[in-house]
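Here is how the chains run, residue by residue.
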Amino acid sequence: MIEIKHVTKEFIQGKQRVRALKDVTITLQNEMTAIIGTSGAGKSTLLHILMGIEPCEKGNVEIDNISIFDLTEKELSRFRNEYIGIVMQHYSLISDFSVLENVYLPLSFSKVRYSKKEKIAKAKKAIDLIGIDYLTKRCVEDLSGGEMQRVAIARAIVGSPHYIFADEPTGALDNENTEKILSVLQQINKTGVGVIVVTHDMDVANQCKRIIRLEDGAIVDDRLSQTL
Ligand SMILES: Nc1ncnc2c1ncn2[C@@H]1O[C@H](COP(=O)(O)OP(=O)(O)OP(=O)(O)O)[C@@H](O)[C@H]1O
Ligand SMILES: [Mg+2]
């Protein structure tokens, strides 16, 4: 369970203060959740706070009863590695590494010391689950956007995280690839992994169980999808 309590975040832009999040309080179970809202609404900022890569002035975030702002930097990176799979909008893959190398990389930072053989086996399992085994040996820089996005998801799940946070995971994709990514995320969610998807696309949001709309840093709507 994720509990976000009274989170307030300000950025300073030149001489101006921008309140990116205003007293945001939400409890998320493991249901697949979409966060929607216009550009600048605070969606990415909220995800960054949940990932512990951005601090906030006020409020608290508890993930599985762990108060993430109480962790030291080292504890936080351990926590992130163990609990959270991150899918960024621009994939953040290492372009001259192969798909397999990209997917097994997070296991090198895990508190569990895996042998190279174990890492490869786990990475192959994640790659299989996402259905991209035919790409295993390919170099990432030669892949299409949809393929890279699926590699990014394989990398996010390789360490068996409790949650996946994905920022616009289908932003650059056509309908067919969007469907593929969504069905992968839904499948992972069914195994008990909490999934949060930030999206501009209402078709994507409607395939999530819960839809939370942020506007101007505040939650203005929170409902269950009507199409599911
Ligand atoms: N690092 C930063 N420094 C200063 N201001 C920032 C920073 N990051 C975000 N902001 C501001 O905070 C507000 C929320 O930004 P955020 O990136 O969370 O929006 P978003 O909902 O993800 O938008 P988009 O849909 O365009 O990705 C915006 O006004 C933005 O300009
Ligand atoms: Mg954003």
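Above this note sits the structure.
What you are looking at is a predicted structure, and each value in this text was computed from that prediction instead of being measured.

1. A look at the environment of Glu141
With respect to the helices and strands, the residue Glu141 is situated in the loop between helix H4 (116–130) and helix H5 (145–157). For the pair formed by Glu141 and Ile68, sequence separation is 73 residues and the distance between their alpha carbons is 34 Å. Once residues lying within four places of it in the same chain are set aside, the contact partners of Glu141 are Ser95 and Met148.

2. Description of the sheet that holds strand S1 (residues 2–13)
Pairing within the open sheet is antiparallel, and its four strands lie in the order S2-S1-S4-S5. Looking at the sheet topology across the chains shown, the edges are occupied by strand S2 (16–28) and strand S5 (66–67). Taken together, the nine bridges between S1 and S2 define a ladder with antiparallel strand orientation. Looking at the pairing, Ile4 lines up with Ile26 of S2. Set on the sheet, helix H1 (residues 43–51) makes contact with S1, S2 and strand S4 (58–63); between it and S1 the angle comes to about 120°.

3. Comments concerning the sheet that holds strand S3 (residues 33–36)
The sheet built from six strands is open, its strands ordered S6-S7-S8-S3-S9-S10 with mixed pairing. Each edge of the open sheet is held by one strand with a lone partner, namely strand S6 (84–87) and strand S10 (218–224). On average, adjacent strands in this sheet sit at an angle of 15° to one another, irrespective of strand direction. Sheet topology note: the S6/strand S7 (residues 163–167) ladder contains four bridges and is parallel. The residue bridging Gly85 from the neighbouring strand is Ile164, located in S7.

The rules behind each value
- Residues numbered from 1 in each chain as written.
- Chains lettered and ligands numbered in written order.
- Predicted model: local features only at pLDDT ≥ 70, side-chain atom pairs only at ≥ 80, totals over all residues.
- Heavy atoms only, no water.
- Helix = DSSP H or I, 4+ residues; strand = E, 2+ residues; numbered from the N terminus.
- Contact = heavy atoms within 4.5 Å.
- Pairing = 2+ DSSP bridges.
- Axes fitted to C-alpha atoms, helices over the stretch in contact; angles between N-to-C directions.

Spatial relationships are all this shows, so hold off on functional conclusions.
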